[in-house]
Amino acid sequence: MLISDPPRRLAYTWDPCSPDAKRERTSRVTFDLEPRGKVVKLTVTHDNLDEGGKTLRDISSGWPMVIASLKSILETGRALPADLPSSAAKEKADV
């Protein structure tokens, strides 16, 4: 863990775990929480990534789904289904 400053910030390292990403450097994930009146703003930053690397490609679709599911849990009490089709699959289906 790099930074733990409850309840404002959490930052940790992200090591590539797939065989295709072994040559990529360790990246960093940071969660920042900012009170805004009656709500809290969440900012997720994933940086120190290799441009064009597998990790960057994977998280580019992964983090949006994680955050969308978190939003759903907070608003409705239910997570989004894990098997929602990706936007690429939807685009293929629409063609």
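Only a predicted model underlies this, so the values are computations on that prediction, with no experimental measurement involved. (Residues numbered from 1 in each chain as written. Predicted model: local features only at pLDDT ≥ 70, side-chain atom pairs only at ≥ 80, totals over all residues. Heavy atoms only, no water.)

Q: I'd like a description of the sheet that holds strand β3 (residues 27–36), backed by residues and values.
A: Across the sheet, which stays open at both edges, the four strands sit in the order β1-β2-β3-β4 with antiparallel pairing between neighbours. The open sheet is flanked by β1 (3–5) and β4 (39–47), the only strands paired with a single partner. Each strand of the sheet is rotated relative to its neighbour by a mean of 15°, with strand direction disregarded. Bridge analysis of strand β2 (residues 9–14) against β3 gives six bridges, and the strand direction is antiparallel. In the sheet register, Trp14 faces β3, and the bridge partner there is Ser27. (Pairing = 2+ DSSP bridges. Helix = DSSP H or I, 4+ residues; strand = E, 2+ residues; numbered from the N terminus. Axes fitted to C-alpha atoms, helices over the stretch in contact; angles between N-to-C directions.)

Q: So what's going on with the pattern of salt bridges? Which residues, and what values?
A: All chains considered together, the criterion is met by seven salt bridges. Salt-bridge contacts for Arg9 lead to Asp32; the nearest nitrogen and oxygen are separated by 2.6 Å. Pair noted here: Arg9 is in strand β2 and Asp32 is in strand β3, with a separation of 23 residues, a long-range link. (Salt bridge = Lys/Arg side-chain N within 4 Å of Asp/Glu carboxyl O.)

Q: I'd like a description of unusual backbone geometry, backed by residues and values.
A: Residue Pro7 is reached from Pro6 by a cis peptide bond, and omega for that bond is -5°. Although it is not a glycine, Asn48 adopts a positive phi angle of roughly 65°. On the secondary structure map, Asn48 appears in the loop between β4 and α1 (54–76).

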